[in-house]
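One letter stands for each residue in the lines below.
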Amino acid sequence: MLRESKLCRLGKAGYRQIMGNLMKIAKTLSEGLLKTGHFRLLSDVDNGLPLVAFARTGDRNYDEFALSDKLRQRGWVLPAYTFAPNAEHIKLLRAVVREDLSFAMVKELILDIQRAIDYLDTFHEHAPPVGKTSFQTKHQAHRIPISRKGYKFRPGVC
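Quantities reported herein were computed from a predicted structural model and do not represent experimental measurements.

Undergrad: Which residues make up the sheet that holds strand S3 (residues 80-82), and what are the values?
TA: Spatially, the four strands line up as an open sheet ordered S1-S2-S4-S3, and their pairing is antiparallel. This sheet does not close on itself; its edge strands, each paired only once, are strand S1 (39-41) and S3. Taking the axes of each pair of neighbouring strands and ignoring which way they run, one obtains an average angle of 40 degrees across the sheet. Here strand S2 (residues 51-56) pairs with strand S4 (residues 91-96) via four bridges, running antiparallel. In the sheet register, alanine 53 faces S4, and the bridge partner there is arginine 94. Where helix H2 (residues 64-73) meets the sheet, it contacts S1, S2, S3 and S4, and its direction lies at approximately 35 degrees from that of S4.

The structure is reproduced here in structure tokens:
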């Protein structure tokens, strides 16, 4: 019912404008991730979905799950996944761009991702073996507050 009234209010042109904006934001996120030099894209932003799937490049002592955990400490929810059977060794992070994510927030997300990578690279010798225990529980002393702004999770990415 809510969707029907929103569609009536916004119309086709309104939804087209919203989706166009979401796609621009997703493209900005994917370009920012590539500029860090730490990721490869696993999704095509031009496919019509405001979704960015990416995986880290290089050999590190931590995986996408540790990075996801570190980002959650900053209030970002970027889930990490493994692929289906026979491809379990492939891991990825996923960002679904929602309406309330702005270009300024994308820039902040990219900075937080870079900070998380810098932190994990610095403390890589202390990281538990991949797949054993949560990185977060091993490093409570190094936790960053969940949010500087007072709310638990940031809007815009899930």
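Undergrad: Explain the pairing of S2 residue by residue, including any values.
TA: Of all six residues in S2, five are buried; the element is thus mostly enclosed. Bridge count between S1 and S2: three bridges; the pairing is antiparallel. Bridging across to S2, phenylalanine 39 finds its partner in arginine 56.

Undergrad: If you had to explain the packing of aromatic side chains to someone new, which residues and values would you point to?
TA: Inspection of the entire model under this criterion finds two aromatic pairs. For the pair phenylalanine 39 and phenylalanine 54, a centre-to-centre distance of 5.1 Å together with 90 degrees between the ring planes defines the contact as edge-to-face. You can see phenylalanine 39 sitting in strand S1 and its partner phenylalanine 54 sitting in strand S2, a full 15 residues away along the chain. The pair formed by phenylalanine 39 and phenylalanine 54 is uniform in burial state, with each residue classed as buried. Taking 4.6 Å as the distance between ring centres and 45 degrees as the angle between the ring planes, the aromatic pair formed by tyrosine 119 and phenylalanine 123 counts as tilted. Taking NZ or CZ as reference, arginine 56 lies 6.0 Å from the ring centre of tyrosine 62, over its face.

Undergrad: Go over the environment of phenylalanine 83, please, and point to the residues and values.
TA: Relative to the helices and strands, phenylalanine 83 is located in the loop between S3 and S4. The class for phenylalanine 83 is partly exposed, based on a relative accessible area of 36%. Excluding its chain neighbours within four sequence positions, the residues that come into contact with phenylalanine 83 are Leu42, Glu88, Ile90 and Leu92.

Undergrad: I'd love a proper account of the nonpolar core, names of residues and values included.
TA: If you look at the biggest cluster of nonpolar residues, it comprises 30 residues, and the most contacted ones within it are Leu29 and Leu67. Counting residues per element, the ones that place at least two in this core are helix H1 (2-36), S2, H2, S4 and helix H3 (103-122). Sorting elements by how many residues they give to this core places H3 first, with nine residues. When neighbours within four sequence positions are excluded, leucine 67 is seen to be in contact with Phe39, Leu93, Ile113, Ala116, Ile117 and Leu120.

Parameters at a glance
Residues numbered from 1 in each chain as written. Predicted model: local features only at pLDDT ≥ 70, side-chain atom pairs only at ≥ 80, totals over all residues. Heavy atoms only, no water. Pairing = 2+ DSSP bridges. Helix = DSSP H or I, 4+ residues; strand = E, 2+ residues; numbered from the N terminus. Axes fitted to C-alpha atoms, helices over the stretch in contact; angles between N-to-C directions. Contact = heavy atoms within 4.5 Å. Buried < 20%, exposed > 50% of the residue type's maximum accessible area, 1.4 Å probe, protein only. Phe/Tyr/Trp six-rings, centres within 6.5 Å; stacked < 30°, edge-to-face > 60°. Lys NZ or Arg CZ within 6 Å of the ring centre and 35° of its normal. Core = buried A, V, L, I, M, F, W, Y, C linked by side-chain atoms within 4.5 Å.

The quantities given are spatial measurements derived from coordinates; they are silent on function.
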